[in-house]
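A look at the structure
Below, each chain spelled out in residue letters.
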Amino acid sequence: MEWLRVLLGIWRRPRQPLDADAAVLARLQQDLGYQFRDPDLLVTALKHRSFVYARNGHGIESNERLEYLGDAVLDLVVAEFLYRRFADRREGDLTQMKSLVVSRPVLARKGLTLGLDTAVLLSADERASGGGRQPSILCDALEAVIGAAYLDGGLEAARALVRQHVLVDFEELLGQEDYVNFKSRLLERTQSNGSGHPRYLVHSEEGPDHCKVFCVEVSVTGESLGWGRGRSKKEAQQMAAKDALQRLGAL
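What this report covers is the structure whose coordinates are included nearby. (Residues numbered from 1 in each chain as written. Predicted model: local features only at pLDDT ≥ 70, side-chain atom pairs only at ≥ 80, totals over all residues. Heavy atoms only, no water.)

Examining the overall build of the protein
Quick note on the threshold: Only runs of H or I of at least four residues qualify as helices and only runs of E of at least two qualify as strands under DSSP, and these elements are numbered from the N terminus. Accessible area is worked out with a 1.4 Å probe on protein chains only. A residue is then buried under 20% of its type maximum, exposed over 50%, and partly exposed in between. Between two residues, a contact is recorded if the distance between any of their heavy atoms is within 4.5 Å. Only the protein chains shown count as cover for residues, with accessible areas throughout obtained via the Shrake-Rupley method and a probe of 1.4 Å.
The number of helices and strands found in the protein is 13 helices and three strands. By the burial criterion, 41% of the 251 residues in the protein qualify as buried. Within the protein, contacts between residues at least 6 apart in sequence are counted, and of these 54% link residues at least 24 apart. In the form shown here, the protein has an accessible surface area of approximately 14600 Å², with 51% of it arising from carbon and sulfur atoms.

Describing the packing of aromatic side chains
Basically, it comes down to this: Here is the rule: rings of Phe, Tyr and Trp (six-membered ring for Trp) pair when centre to centre is within 6.5 Å. Planes less than 30 degrees apart are stacked, more than 60 are edge-to-face, and the remainder are tilted.
Overall, the coordinates contain three aromatic pairs when judged by the stated rule. Both rings, one in Tyr 34 and one in Phe 36, keep their centres 5.0 Å apart while their planes meet at 80°; by these two values the pair is edge-to-face. Phe 36 matches Tyr 34 in its accessibility class, with the two residues each being buried. Ring geometry for Phe 86 against Phe 170: centres 5.9 Å apart, planes inclined by 55°, an arrangement best described as tilted. Here Phe 86, found in the loop between helix H5 (64–85) and helix H6 (91–101), pairs with Phe 170, found in helix H11 (residues 170–174); they are 84 residues apart in sequence, far enough to count as distant. Taking the relative accessible area as the measure of exposure, Phe 170 reaches 3% and is therefore buried.

Quick word on unusual backbone geometry
Of note, the phi angle at Asn 56 is positive, near 60°, even though the residue is not glycine. By the secondary structure assignment, Asn 56 is in the loop between helix H4 (49–54) and H5. Overall, Asn 56 belongs to the exposed group, its relative accessible area being 73%. Positive phi outside glycine occurs at Thr 221, with the angle close to 50°. Here Thr 221 shows up in the loop between strand E2 (213–220) and strand E3 (223–230).

Here is the structure:
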């Protein structure tokens, strides 16, 4: 009668195992402080496209859709937090702070703290090349987890997760120079007083090609505002903008 049971579609198939290790999922949920009612959502949030393609899957099965959703949820929660926290700040200040909080370096560090480097599902080649610690992968995975929490438990669940893990050290973050975009702050200041865009000029390049030091001047409407040195033009420009802000009394 076995053939009849198969024909009628009542053969008991064993449940397919999750792609992610159960212990890893348990540990991650404990660290997140949130227990998923639907663990499949969390698994999907951890699926990098390299993992999906290595299994001949379709790109839509990766975490990219959840990352898209989580990015929007993160923006909303952080924007609401800043709006309520800083009632005396203008839109430009709030935008600058939000850009810092949701920036790739910051989110990647948060993802690393949560252990997403080992939890994210990657192809063998991507894992071997150190993909688990790539800022873009960590950042996308964290946003995907936020998106998954939103679908699993609603906005309150996502808000609690963001507050606990992204906004937890907000005050400390604002004081860390490594994450401050001095060029953006200077541009915002010069535009607000009608001075226009700062102009950055490389005055010198010193040292061999593998160890150059650049010297940059920043000026506005022909007036020199600051100088900076760095191992790249971008770093030197940041230092010049910082010097300008200090001279303007904005730091």
